[in-house]
Amino acid sequence: MSAKQRIGFIGLGIMGQSMAGHLLAAGHQLNVFNRSKSKTDDLVAKGAKWFDTIGDLAAESDVIITMVGYPSDVEEVYFGAGKILDRAKNAYLIDMTTSSPSLAKRIAEEAEKRGCHGLDAPVSGGDVGARNAKLSIMVGGKQSDFDAVLPILKIMGSNVVLQGGPGAGQHTKMCNQIVIAGTIMGVSEGLGYAKSVGLNPETVMESIGGGAASGFQLLNLGARMIAGDFAPGFYVEHFLKDLGIALEEAQKVNLDLPALALAKKLYEGLVAEGCAKNGTQVLFTKYAR
Ligand code: NAP
């Protein structure tokens, strides 16, 4: 591939807007489409090209990146009539949405039949990682396809690893979400305990944030919990989607993951209470008195 690509980006939400912005800043031609057009305004003002349909964007892009919400959205943008798989020509198709491993395999198979190259490349690092181009990107696909798109992925992430064939990126992301499920419960419980026994949560953070309990969830989301800031960096409804995919995949291999199951139950409760559009740190409200 030549150095400067025509990159189509579909899904310009919390994550996609920052990620696409880095590609534009790096000098690539950026073609954009989003369900709500207004979310592309800033990028278009900076030189991105808006397309009225996904199909037209796909036909005019060498690399197509998707960062939508749910597997159902991924299914629609790839397999919908006249959309990506119908219109892309010899393009690299990179789904960065957190989605199901089996869907990633279907996309890669269909892409190959149509002369395209499919990769799954979900990310970790949150809204902060997307803004700072410091995402961890876990990739599934062929080595030669990975090598071809690596320079583009490196613009958005600081840690880009090929995990195996199609679907392996999504499986790796499930490992990530399983770890986070346990961690965010621990962070919420620890800070809930601090508050209940009358400690100053900020000085508690000073101590435990510099010790063995430290990590992204504690430092970033713990700080937001203490500040009472439950705005979304990562939506509860998206996390619940991930927990569902991970539990389903674990069940397929007869693996019992009790912490994951408990996290799913707690987040289902939060959704029932109207917290779907909060950030995942809202779990703290279950423990804070
Ligand atoms: P988001 O803000 O909801 O962004 C998704 C964007 O995709 C929205 O702007 C949405 O349009 C658009 N979209 C959805 N379906 C579409 C379709 N069929 N056609 C065109 N556009 C469509 O969510 P996000 O936080 O950026 O997350 C995106 C994905 O990354 C999710 O799978 C999430 O689980 C994953 N993820 C998120 C984080 C995080 O910290 N936020 C971290 C790692 C991974 P509308 O604007 O109309 O809704």
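Refer to the structure above for everything that follows.
Below is a short write-up of the structure.

1. Focus on the overall build of the protein chain
The helix and strand tally for the protein chain stands at 13 helices and nine strands. The C-alpha radius of gyration computed for the protein chain amounts to 20 Å, which stays within 12% of the reference 19 Å derived for 289 residues, consistent with globular compactness. Principal axes of the C-alpha set define a box for the protein chain whose edges measure 60 × 45 × 35 Å. Relative to its full complement of 289 residues, the protein chain shows a buried share of 51%. Summed over all atoms, the accessible surface of the protein chain reaches about 12800 Å², with 53% contributed by carbon and sulfur.

2. Thoughts on the pattern of salt bridges
Applying the stated criterion across every chain, the model contains 17 salt bridges. Linking E60 and K49 is a salt bridge whose minimum nitrogen-to-oxygen distance equals 3.7 Å. Here the residue E60 occupies a position in the loop between helix 3 (54-59) and strand 4 (63-66), and K49 occupies one in strand 3 (residues 49-50), the gap between them amounting to 11 residues. In this structure, the salt-bridge partner of K286 is E273, at a minimum N-O distance of 2.8 Å. Of this pair, K286 sits in the segment after helix 13 (258-272) while E273 sits in the segment after helix 13, placing them 13 residues apart in sequence.

3. Description of the nonpolar core
Core analysis: the biggest nonpolar cluster contains 52 residues, and F9, M19, I65, L93, M96, I137 and M156 have the highest contact counts within it. Of the residues forming this core, the biggest block, six residues, is contributed by helix 8 (residues 143-156). Among residues more than four places away in sequence, those in contact with I137 are M96, A121, P122, V123, L153, M156, G157, N159, V160 and V161. Membership of the second largest hydrophobic core comes to 30 residues, among which are F239, L243, A246 and C275.

4. Some words on the side chain of D73
Tracing the backbone through its elements, the reader meets D73 in helix 4 (residues 71-79). Beyond its immediate chain neighbours, meaning those up to four positions away, D73 contacts R35 and V68.

5. Observations concerning the pairing of strand 8 (residues 135-140)
A large share of strand 8 lies buried, amounting to five of its six residues. Pairing between strand 7 (residues 123-124) and strand 8: two bridges, direction antiparallel. Residue pairing across strands places S124 opposite S136, the latter belonging to strand 8. Of the strand pairs in this sheet, strand 8 and strand 9 (residues 157-164) are connected by six bridges, and their pairing is parallel. Looking across to strand 9, one finds that V139 is bridged to L162. Handedness of the strand 8-helix 8-strand 9 crossover: right-handed.

What counts and what doesn't
For every chain, the first residue of the written sequence is number 1, and numbering continues from 1 along that sequence. Since the coordinates come from a predicted model, pLDDT governs what is reported: local features require at least 70, and pairs of side-chain atoms require 80 or more to be given and counted, while whole-chain, interface and lining totals use all residues. Side-chain measures were taken over the full set of non-hydrogen atoms in the model, leaving aside hydrogen atoms and water. Runs of E in the DSSP output that reach at least two residues are strands. Runs of H or I that reach at least four are helices, and both are numbered from the N terminus. Computation of the radius of gyration draws on C-alpha atoms, with the globule rule given as 2.2 Å multiplied by the number of residues to the power 0.38. For the exposure calls, accessible area comes from a 1.4 Å probe over protein chains only, and a residue counts as buried if that area is under 20% of its type's maximum, exposed if over 50%, partly exposed in between. Note on areas: Shrake-Rupley, 1.4 Å probe, and residue coverage restricted to the protein chains presented here. Definition used for salt bridges: Asp or Glu carboxyl oxygen within 4 Å of a side-chain nitrogen of Lys or Arg. Take the buried residues of types Ala, Val, Leu, Ile, Met, Phe, Trp, Tyr and Cys, join any two whose side-chain atoms come within 4.5 Å, and each joined set is a nonpolar core. In this description, contact between two residues means that some pair of their heavy atoms is separated by no more than 4.5 Å. We treat two strands as partners when DSSP finds at least two bridges between them. Whether a crossover is right-handed depends on one test, that the path from the first strand over the helix to the second runs clockwise when the strands point away from the viewer.

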